[in-house]
Each structure stands twice: as C-alpha cells, then as structure tokens.
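Reading the structure
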Amino acid sequence: ELSGRVACAPPLSGRPGLRTPWFTMERARLDAGQSLPLDAGRPRLICCLEGQGRINCRGGKPLTLQVGQCCLLPACRAEVLEANADSMFLLVRA
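Conventions we followed
Residues numbered from 1 in each chain as written. Predicted model: local features only at pLDDT ≥ 70, side-chain atom pairs only at ≥ 80, totals over all residues. Heavy atoms only, no water. Pairing = 2+ DSSP bridges. Helix = DSSP H or I, 4+ residues; strand = E, 2+ residues; numbered from the N terminus. Buried < 20%, exposed > 50% of the residue type's maximum accessible area, 1.4 Å probe, protein only. Polar contact = N/O pair within 3.5 Å; in protein donor to acceptor, adjacent residues only side chain to side chain. Contact = heavy atoms within 4.5 Å. Salt bridge = Lys/Arg side-chain N within 4 Å of Asp/Glu carboxyl O.

Moving on to the pairing of strand β5 (residues 52-57). Pairing analysis gives four bridges linking β5 to strand β6 (residues 63-66), with the strands arranged antiparallel. Residue pairing across strands places Gln52 opposite Gln66, the latter belonging to β6. Turn length for the β5-β6 hairpin, with the two strands adjacent in sequence and antiparallel, is five residues, and the turn residue Gly59 shows positive phi of about 85°. Here five bridges tie β5 to strand β8 (residues 79-83), and the two strands are oriented antiparallel to one another. Following the sheet pairing, Asn56 is matched in β8 by Val80.

Another point: the pairing of strand β2 (residues 24-30). Regular strands show a simple pattern: their side chains alternate between the two faces of the sheet. Only one face of β2 is buried, namely the one carrying Thr24, Glu26, Ala28 and Leu30, since none of Met25, Arg27 and Arg29 on the opposite face is buried. Connecting strand β1 (residues 17-19) to the next strand, β2, in antiparallel fashion are four residues. One ladder, built from seven bridges, connects β2 with strand β9 (residues 87-93); its direction is antiparallel. Counterpart to Met25 in the pairing with β9 is Val92.

Along the chain, Arg44 turns up in strand β4 (residues 44-50). Using a relative accessible area of 2% as the deciding quantity, one classes Arg44 as buried. One polar contact links the side chain of Arg44 to the main-chain carbonyl oxygen of Pro74, over a distance of 2.6 Å. The contact partners of Arg44, leaving out residues within four places of it in the chain, are Leu38, Asp39, Cys71, Leu72, Leu73, Pro74, Ala75, Arg77, Glu79, Val92 and Arg93.

What follows concerns the pattern of salt bridges. Taken as a whole and judged by the stated rule, the model has six salt bridges. With a closest N to O distance of 3.5 Å, Arg29 and Glu50 form a salt bridge. Placement of Arg29 in strand β2 and of Glu50 in strand β4 is noted, with a sequence separation of 21 residues between them. According to the relative accessible area criterion, Arg29 is exposed, its value standing at 51%. Assessed through its relative accessible area of 36%, Glu50 is described here as partly exposed.

Shown next as structure tokens:
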C-alpha cells in the first residue's frame, strides 16, 4: 500500500508531462509529417488525442492511430511515430 507523497518531476524530454519513479507521461505535439522515435527498452502506451498518426514498425506494416485510439508497444521493439496531420499524442512509458 502506498501512502504519502510521491516524488514527481517534468519529463526529461522537456515536453509537458510528469515523471515518477514508475512511469513517465508526456504530451507530444507533432506537425504534419514530423516524426518521433520511440526507443525500445521499456513498454510504451501511445494515445492519439488530436489529428492522426502512424506507428512505423520495423519489419511490419504501419499501424494508423485515429483520435481516441491507443496502442501498447512492447519493450523489445523500437518504432517511429509519424504525424499524418497536425496532431497531439499522449506517451506513457513504464
């Protein structure tokens, strides 16, 4: 059982969000055509809040995310998130 205050800080990326000992949550705003590398090593949850994006999986076909859709990425895969339009995403890393 947890009690008391939990230490938190801004994400190391400098984007708006929150970093705790257990996870990092941040908002990423991407212009159309802009991409963001999603490094391997930790599981990630990607949620599309505005616009539309595509997760380019190495060795697989791209996955399109529409507003309100989420994707859970395993820690063993490195992918790239690309915005198809001006978009905003919520990135959660364990």
